[in-house]
Each structure stands twice: as structure tokens, then as C-alpha cells.
Amino acid sequence: PVDRLPEIQEARLKLPVLAEEQVIMEAVRENPCVVICGETGSGKTTQVPQFLYEAGYASGSGIIGITEPRRVAAVSMSHRVAKEMNLSTRVVSYQIRYEGNVTDETKIKFMTDGVLLKEIQKDFLLQRYTVIIIDEAHERSVYTDILIGLLSRIVPLRNKRGMPLRLLVMSATLRVEDFTENLKLFRTPPPVIKVDARQFPVTIHFNKRTPLEDYTGEAFHKTCKIHRMLPPGGILVFLTGQVEVNTLCRKLRKAFPFRKGNTNTADTSEAMRKFKKAKQKKTSLPRIDLDNYSALPVDEGDEDREAGIGDEEDEGSDLDIGDDPADTEEKADPSIPLYVLPLYSLLAPEQQAKVFRPPPPGTRLCVVATNVAETSLTIPGIKYVVDCGRVKKRFYDRVTGVSSFKVTWTSQASANQRAGRAGRTEPGHCYRLYSSAVFGDFSLFSEAEITCRPVEDLVLQMKDLNIDKVVNFPFPTPPSAEALVAAEQLLISLGALKEPPRTGSVKEMERARLSCPITPLGRAMASFPVAPRYAKMLALGKQQDCLPYVIAVVAAMTVREIFEDLDRPTHNEDESSKLTQRRARLTQMRRLWAGQGASLLLGDLMVMLGAVGACEFAGCTPKFCEENGLRYKAMVEIRKLRGQLTNAVNTVCPEVGVFVDPKMTPPTEHQVICLRQIVLAGLGDHLARRVHAEDVLDPKWKNGYKTPLMDDPVFIHPTSALFKKMPEFIVYQEIMETTKMYMRGVSAVEAE
Ligand code: ADP
Ligand code: MG
């Protein structure tokens, strides 16, 4: 029995999913696979694991596993469920890539989907588990898709052996046909249980015009207007990326400064007074039907939407604040403080946690977020949503193999999810910074991630599971044939797959190319928890005692953003001048870490190595990181990954006996040369050649680099260690398209 606190119990009872407990548990008893659909916030993630626990699915030696596509969600949901169940985190635990708090007592385990995939490689039957829940399946993350494919085979195998395993797939949208009606996946379609959302109506306000460029500016004006003119209630703004989020936070904080001390208590606040004044000037508040618990998606179908707009004439007119003239300057107004918080996945956890807490009294909460707030996290108290209608996605160019981030229109399903965030606690409003015609042109649903990214890592993992004919795998949505061919090609060139024989007809050769078996090197590579290019570097690292360095560099390359974001918004001038100082310090440190002479040629990778070495030498303390512009969370991840990679290498080749040395000395000149060769072996297909001034015909090529497959130039970023040096040939980790096509993780190839 679970001993919950009374207030927790009360809050639970309000969640729509509670009403379906019987139905869900009966379906799980009678079916090996069950799909549960319900709006974000209906209680799927926090409650379903508890149902299973209470029904005894973790009472024996088996445990309940839940996968999340995002680490943020795995960690915060495990904490939340532990709290709700009044159990220790030794019992309700989490495991993400490098860390976790799983113990022998763990009964409910939240993890990222990548973690479960690794476990399948160790134990194909997943014998520790009695139930696996695949959460947020609507996100269609690559690992989610693969896991569902694999589990569709594992579940029947377990049942055949008399040790049943249950599979639950949970999704926030009703579009589950890819899972349920895919006969390759499930011969008997699994039952779908719909949880009625207790969603309050959300009025949609479309812009008449659609800003094509400056939607961040438009979001700023709209947010200001909402804050000045509309009743209390949190504002959630959707933008596409960290830089935009920080820019808008900065502007909003400047416009409505919040300092400790300039706020009064909740309803006597200046904000309230101003609001009342604004209200008097306008017409009365809209009549909102509090009993209208619309179970329908807020604006399903064109007719409803058009009707919604019409209604604003009489009902919502004073909330339809219209398109913003872009030229109105917002003057700083400290009398109505806005409590502005950013939210994106790279943000430190303690910063992220702030959005769940009530804002300081007398202020209005405004969260400026990326897509993370769309479905995985429910922020309390949001009444207004401002939606830029865009999303930043990683695009993968099938011809050049280059990936880059691009901002595109989102899908109708995503836009509706975003709007829905405004109607969790009371009726709300969603301001779309685009016209209804533009909305009509959005695709209905977002594409499955697997169809728009390279798949070499997945193909290697699958080959290691002895799935040679990856084309025949029961994908919910299969990746393109081109992507599969490119993946096999890269893996063959890295030596991870056996080169197919060059005999027989063209067709036979083509078929052989798509079913190459894994090599021993490939197996070693697959055992390293990093992408194939980096795995190759690890496999070569034995030479010249380079392994500790290769491990450190690979760890640093695979952890996102090791440097702190020192361009972030600040609350006051004091903070801002400190940031300026720290930026200068970081620039200086980068130069120091890059070293001189031979080591400089290793470029950005040398900077990473220097940063990791220095940080470890200092004991990897938050103080050291803060003083030197390193992201503490990233450095801790690197430390853990170094340990993990060291173990993996020792398992594969015990004779090298490598260990993590906290006092790693810098590599010798000879070792640097060796390291550069190893890096080249892994990144060989990411080669670029400098275009010299005398060859430049078109000014766009100035200081540019040419890659074999791209028509446009790519550039070394000003923060790169090789920005001034501009070597003839370089290899890069990846290309990011921001204001220009910038290469990240650049290192020089030629000897000098
Ligand atoms: P779903 O998975 O269906 O989207 P959840 O189970 O995540 O729903 O959330 C159910 C409710 O639990 C949400 O409405 C939210 O208010 C509450 N909740 C979730 N996480 C937290 C948290 N960390 N702190 C407070 N409340 C939370
Ligand atoms: Mg959820």
C-alpha cells in the first residue's frame, strides 16, 4: 500500500487519468501491449507508474521501467513520483546517460530511451522488468521508435517463455496509427485507451499579419501588451532556441524590471491597480463559462477556429489585443514587475526547477521557453500562451551529410499542444504570431525524427543486435532508403561493417550493401556509448599511450556545450558587469588551453582537452568552473563519461589497462601528432579545405572553407582556436548553421 500525503492525494484525484485506472489496469492485464492517449497534464507520466506499482507489478523481483525522450523529464518525473508516493529515491529512481540513483531497492525506474536501448544490448529479454512504459511516444524520437520496434518482438518472446512482459505506449496526441495499424509491428492491433482531458477552453487569436523575420520582436510586443492589459495569469512564450529565449528574457526584464523589494503583496500590487485602470478604459471582461470543460482539442477543424475568431467580436474582444505595430517602444516600467524565467534543456536543473514554483508575490510569471514546454513539462498557472509558430530542428542534408539547425514552421498538432498549455487551470488565451492562413498551411503532424536525421548510430546498434537486414526491421516509420545506405557506407568506411563482395549483379551488390554483418571492430565500437565516428577514435586510441587523451577529447566532444553561456540575460548591472569580466577570462583561458606550436593544430579539440585537464586537476569544483567559464553540469558529465568510457575500453581490451588520471599531464608533441591522426580517422568524411583570397570570385567565399559535397562555404567560428590561423585542411565535428555555416570542433590536418 502507498501512504500518500493528504494534499497529494487530493491533487491526484483531480487528474483525468485517475478516472481510467480500472480500465487501464484491466487492459494491461489482458493485453501484452496497450496504448494510452491523453492530453499533456492529464497525469499519464506521474500516475500510470503508480497504478502499476499498486497493482503489484513491482512486488516480486521485477521492476517497472519508464522511458522518456528527454533527460529533464526522466529526472524531474522520478522526483515527482517519489514525492507523490512518499517513497525514497532509492525506490523511485532514474537513470540517464551518465548518472542515476538506481539502487537494489529500485521498483520504479525512469530512464531516457537511449539507456533502455543499451540495456537491451546486454539482456535482449529485459528480464529485470515486468512492465515497460514508453512515454511521450508522440514525440517520435528515434530511440522511442526503435524501442517500440524491438519491444514488439521482445514482448511475445517473454510471453512464450512464461515470464510475461507488458508494454505500455503513452502519447499526448491521438495520432497513434503508426503504432496500432502497423501490421509489421503488432499483428494484433493493441487497444487504445483515451483519457479525456479536463482542458479548459482556450481562445485562439491569430495575427492578421505574419512577421517573417522578427518574430522575437513580435513576441516581445505581444507579451508586453498582455502584461499591461490583461488580467493576472502566467504567460508562456514559445520561441525556437536558447539564444532567442535569452534575448527575449533580457528585453522583458529591462521593460518590466523585477527587483527584490519592488513588489507588493499579491492583490494590492501595482500590477493589479494598473490592470484595473486599463480595464476601466476598455469594455467589460469576457464572459467565460466555467462549466465548459471542453474535451475537444481547443481548436479542432477550420470551422471551429473561424467561429472562435468571430466570437471574439462580442466575447473576447478586449482580450484580442491585435497585431502589434512594430515601432512602439516599450519604456521601462518598474511598477509592474514581470518575473521572467527562461526554460530550455541546457539550463542548469536548479534554474529549470524555478518554473514549477510560484512567482514572487505581486509579480506575474512569464516563462520564455523552447519546445521543452510543449508536452514534457507542465508549468503551473499559465493562462496566456504566445506562440511564434516555429520550431528549431536539426536538418540532415541527405546529399552532403551535413546537419544543421534550421527554424521552420511547426505542425498544426504542435501548435495546438502549445495552445493547450494555456488551459490547464482555467480558460486561457493563445496568441499566435501568424495568420490563420499560415496555420492552414502547416503540416498536420510533425515528422518522426527517424525520417530526418542520420542513422549510422542506430544501424550500428542494430547490427550489434545481429539485425543485419536493417531495412526489414519493424520501424513504426522507416528511415529513408538513402539514409540507410549512407549509414552503411559510413560504417563500412570506418571498418565497423564488413565490406560486401564486389561480385554479382548490380541488384545483388546493392542488396549485399544493405545487409553487411558487423566486424569485431564494429562490435568494439558498438560497446562505446558514443556515435560511430567517436567510437572509432576510441578503438584507435591504444597507440602511443594516447588513450587517456582520446577518452577525454571524445567525452568532451559528445557532451553538449562545455562552455557556459555568458551571453545570458541578467537581472541587474552588477551581474552584467560580472559576466563581461568572465567573458574576457574565458577568452584568455581558451587561448591558454589551446597551447602553442604542435598542440595548437589540434585546435578546438586541444582547447577541450586543456579545459578538461585543468578542471580535473582542480578537482572539478563548481568554483573552478564558474571562474573559468565552464558549464559545471557539462564538466561533471564529462567526468562521468570519462569513467564510463574508460571502463568500456578496459572491457574491450583489458591489456591496455587504462585508468582515469585526475592529474593528466598535457600530451607530448608526438602524442599530439598521433591524436590528430586518430581524430582524422574518425572525422575523415568531415574534411574542409581553405579557399584562398586569390581564388575568391564571389565575396561570400571570403575566409571560407570548401567541403567536398557542399556548394556553399563553411566558416571557422570567431571563438575557435584556429580562427586566426586558418589552416589549409581541417576536419570538423559538425556544421551548425547560425548566422553563417559555422564548423564546430575544428582541428588542423596538415603537418607544419
Ligand atoms: P502527463 O504525463 O499526462 O502530461 P503528468 O503526469 O506529467 O501529466 O502531470 C500531471 C500533473 O502533475 C500536472 O498537471 C502537474 O500540475 C503536476 N506535476 C507534474 N510534475 C510536477 C512537479 N514537479 N511539481 C508540481 N507538480 C507537478
Ligand atoms: Mg507526460
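Scope of this entry: the structure provided in the associated data block. Here the structure is a predicted model, which means the values were calculated and not measured.

Cut-off values and rules
- Residues numbered from 1 in each chain as written.
- Chains lettered and ligands numbered in written order.
- Predicted model: local features only at pLDDT ≥ 70, side-chain atom pairs only at ≥ 80, totals over all residues.
- Heavy atoms only, no water.
- Near = heavy atom within 4 Å.
- Polar contact = N/O pair within 3.5 Å; in protein donor to acceptor, adjacent residues only side chain to side chain.
- Areas by Shrake-Rupley, 256 points an atom, 1.4 Å probe, with all protein chains shown as cover.
- Helix = DSSP H or I, 4+ residues; strand = E, 2+ residues; numbered from the N terminus.
- Pairing = 2+ DSSP bridges.
- Axes fitted to C-alpha atoms, helices over the stretch in contact; angles between N-to-C directions.
- Parallel < 35°, antiparallel > 145°, perpendicular 65-115°, else oblique.
- Contact = heavy atoms within 4.5 Å.
- Nonpolar A, V, L, I, M, F, W, Y, C, P; charged D, E, K, R; others polar.
- Expected span 1.5 Å × (residues − 1).
- Buried < 20%, exposed > 50% of the residue type's maximum accessible area, 1.4 Å probe, protein only.

Attention now goes to the site of ligand 1. Contacts to ligand 1 come from L15, E39, T40, G41, S42, G43, K44, T45, T46, M77, R80 and T378. Between ligand 1 and the protein, one listed contact pairs an oxygen atom with a backbone N or O atom of G41 at 2.6 Å. One of the side-chain N or O atoms of T46 is found 2.6 Å from an oxygen atom in ligand 1. Within the complex, the protein chains bury 82% of what would otherwise be the 560 Å² of accessible surface of ligand 1. Broken down by secondary-structure element, the contributors of at least two residues to the shell around ligand 1 are α3 (44-54) and α4 (71-85). It is α3 that provides the largest number of residues to the shell around ligand 1, a total of 3 residues.

Looking now at the sheet that holds strand β18 (residues 715-716). Taking strand neighbours across the sheet as the criterion, the 3 strands line up as β18-β21-β20 in an open arrangement whose pairing is mixed. Of all strands in the sheet, those with a lone pairing partner are β18 and β20 (734-737), marking the two edges. Examined bridge by bridge, β20 and strand β21 (residues 741-744) share 4 bridges and lie antiparallel to one another. The residue of β21 that forms the bridge with M736 is Y742.

Relative to each other, helix α21 (residues 573-594) and helix α22 (residues 603-617) sit at 100°, their axes nearing to 7 Å. With respect to their mutual orientation, α21 and α22 come out roughly perpendicular. Touching R590, W593 and A594 of α21 are M606, V607, G610, A611 and A614, all from α22. Among the residues making up the contact of α21 with α22, the classes are represented as 6 nonpolar, 1 polar and 1 charged.

Below, the discussion takes up α22. Its 15 residues place the ends of α22 21 Å apart at the C-alpha level, agreeing with the 21 Å of an ideal helix rising 1.5 Å per residue. With 13 of 15 residues buried, α22 lies mostly within the body of the structure. Once α22 finishes, G619 follows within two positions and takes phi at roughly 90°, a positive value.

This part takes up the sheet that holds strand β11 (residues 364-369). With parallel pairing, 6 strands are arranged side by side in an open sheet as β8-β15-β12-β9-β11-β10. Lying at the two open borders of the sheet, with one neighbouring strand each, are β8 (202-206) and β10 (338-343). Sheet twist, expressed as the mean angle between neighbouring strand axes with direction ignored, is 20°. As paired elements, β10 and β11 share 6 bridges and run parallel to each other. Its bridge partner being in β11, Y339 is matched across the sheet by L365. Running at roughly 170° to β10, helix α9 (residues 242-255) makes contact with β9 (234-238), β10 and β11 of the sheet.

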